[in-house]
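Listed below, chain by chain, are the residues.
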Amino acid sequence: VQLQASGGGLVQAGGSLRLSCAASGRTFSNNVMGWFRQAPGKEREFVAAISRDGGSTSYADSAKDRFTISRDNVENMVYLQMNLLKPEDTAVYSCGARGGRVTVMSRSWRMYDYWGQGTQVTVSS
């Protein structure tokens, strides 16, 4: 699976962004997908994950009620709609895919086998 994230940018606090992650591969629907972020000097942290069929989602406390993860298994896309952005959301956001047909929506980036390059999100105050 090859992944490519896009959609980042500079936005004011309270604004919104929609990140996209394009995946290649015929078996995309077999992969649990996740979004993670990494701010300068900090470890990569979990943001959200979605099950293979899109029926289940999981969010970090910091993302609940503000962010929404979704996927389109026909178009091989994963999205992260981010609303009410805060300066502390500033980070490089990356999408990851779990391999091996696993079903657990892990919150550990170490459990994801495939990564795309990140996209920078900067939220100004």
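Since we're looking at a predicted model, the values are computed, not measured.

> I'd like a rundown of the sheet that holds strand β7 (residues 67-72), residues and numbers included.
Pairing is antiparallel across the open sheet formed by 4 strands, whose spatial order is β1-β3-β8-β7. What marks the edges here is a single partner per strand, and that holds for β1 (3-6) and β7. With direction set aside, neighbouring strand axes in the sheet form an average angle of 15 degrees. With 4 bridges joining them, β1 and strand β3 (residues 17-23) adopt antiparallel strand pairing. Each residue of the ladder has a partner; that of Ser 6, found in β3, is Ser 20.

> Quick rundown of the pattern of salt bridges? Include the residues and the values.
All chains considered together, the criterion is met by 5 salt bridges. Here Glu 43 ties to Arg 110 by a salt bridge, and the two come within 3.4 Å at their closest N and O atoms. Placement of the pair is Glu 43 in the loop between β4 (33-38) and β5 (45-50) and Arg 110 in the loop between β9 (91-97) and β10 (114-115), with a sequence separation of 67 residues. Accessibility expressed as a relative area gives 54% for Arg 110, which makes it exposed. The residue Lys 64 makes a salt bridge to Asp 61 at a minimum N-O spacing of 3.5 Å. A relative accessible area of 43% means that Lys 64 is categorised as partly exposed. Connected via shared salt-bridge partners are Arg 37, Glu 45, Arg 66 and Asp 89.

The rules we used
- Residues numbered from 1 in each chain as written.
- Predicted model: local features only at pLDDT ≥ 70, side-chain atom pairs only at ≥ 80, totals over all residues.
- Heavy atoms only, no water.
- Pairing = 2+ DSSP bridges.
- Helix = DSSP H or I, 4+ residues; strand = E, 2+ residues; numbered from the N terminus.
- Axes fitted to C-alpha atoms, helices over the stretch in contact; angles between N-to-C directions.
- Salt bridge = Lys/Arg side-chain N within 4 Å of Asp/Glu carboxyl O.
- Buried < 20%, exposed > 50% of the residue type's maximum accessible area, 1.4 Å probe, protein only.

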